[in-house]
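Here's the letter readout for the chains.
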Amino acid sequence: MDKKELFEHMRAFPKVDLHRHLEGSISAETLVRIASKYGGTLPAYTVEKLRPHIQMDSESPGFSTFLQKFKVYRGFYPCREAIEDVAYTAVMDAALDNVRYLELRYSPSHFAGLNKFKECEVIEWISAAVKESASDFNIIVVPILTISRDYGLELARNTVRYVSQLPHGYFYGLDIAGDEVVNSAKPFSDLFAVAKKAGLNLTIHAGEACGPKNVLEAVIDFNADRIGHGVRSIEDQEVIALLRERRILLELCLTSNVHTGVIASVDVHPIRRIMDAGVPISINTDDPAISAITLSGEYVEAVTKLGFTESELKAINLQALEHAFHPDKEYLKRQLAHLWQ
Ligand SMILES: [Zn+2]
């Protein structure tokens, strides 16, 4: 099978993505289309000229460069219709890549902040657009609330308080993202306890830009159900043992780790060593528009550069389903598990 055939094969392969940010799923094509339809400020208004502003390349990796790309998005959204459109399109793009189950995370503050919308409005708009797109394209989507450590504790507190009072069906998990190097997650731990009490599952970005100590903190202090990335857990065998014993899944993202400078290239990614150590894992995209990837493309990387077999990929998808934040696991398994059996 040549690379093009393999890509088509992997596109047809049903997939689970547990770690994808809405903010990082909005392609240059979508931004240009929305700007021409609704307005909105961009650094360039053609796809070719916009790409370098929002996309990473392997030549200049780095965590802060990666995070800088989101600045273009933050002040962009000109109106309600634009926000609904990006949410609808992000779900459609995942479905067209044959992602069958998607956990899509976003920060309401990202969409509301500079554009003077209320977070509660943003949540309503995105929730409705996600549901409509999921129904139109036959994909199951579970939204996760992201709070950013970079926006400060006060804003996060307000968001979590509001979301904890929402009726069932808006969010099934809480995540903390942002700059792990500059801003510790620690001050946010009380908020996560409140969210857990309110019935939200917890996932914490940790062990990506910083080391295994942060994964330990996410498990012990935050009581995390899953870890966003956690790739650097491999540097400490005690942390690996803890993850294995507690059955905590690492949401691994191959190309994203190259772009943030965590690993030099996909062929040296420790995913196989982590899997062989008995830690549950999933393969995810993180920010497909920023990294210019699809999940199918990531599977091609896993096959060609890391020697993953189709039966291993099936097992990884079934494991991802086991650790999904969907509120009715039995329903989810009835709907999807047969795809990988
Ligand atoms: Zn992430």
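Residues numbered from 1 in each chain as written. Predicted model: local features only at pLDDT ≥ 70, side-chain atom pairs only at ≥ 80, totals over all residues. Heavy atoms only, no water.

Draft legend 1. Layout of the sheet that holds strand β4 (residues 173–177). Spatially, β1-β2-β3-β4-β5-β6-β7-β8 is the arrangement adopted by the eight strands of the open sheet, whose pairing is parallel. In this open sheet, the two edge strands, each paired with only one partner strand, are β1 (15–21) and β8 (281–283). Geometrically, the sheet is characterised by an average inter-axis angle of 25° between neighbouring strands, direction not taken into account. As judged from the four bridges shared by strand β5 (residues 201–206) and strand β6 (residues 226–229), these two strands associate in the parallel manner. Within β6, the residue paired with His205 across the bridge is Gly228. The sheet contacts of helix α6 (residues 80–96) involve β1, β2 (99–106) and β3 (140–148), and relative to β2 the element is tilted by about 150°. Each of β5 and β6 touches helix α11 (residues 212–220); the most contacted strand, β5, lies at about 165° to it. (Pairing = 2+ DSSP bridges. Helix = DSSP H or I, 4+ residues; strand = E, 2+ residues; numbered from the N terminus. Axes fitted to C-alpha atoms, helices over the stretch in contact; angles between N-to-C directions. Contact = heavy atoms within 4.5 Å.)

Draft legend 2. View of unusual backbone geometry. A positive phi angle, close to 55°, is found at Arg247, a residue other than glycine. Tracing the sequence through the fold places Arg247 in the loop between α12 (237–246) and β7 (249–252). Backbone geometry at Asp286 places phi at a positive 75°, although glycine is not the residue there. For Asp286, the location among the structural elements is in the loop between β8 and α15 (288–291). Look at Asp286 and you get buried, because its relative accessible area is 2%. (Buried < 20%, exposed > 50% of the residue type's maximum accessible area, 1.4 Å probe, protein only.)

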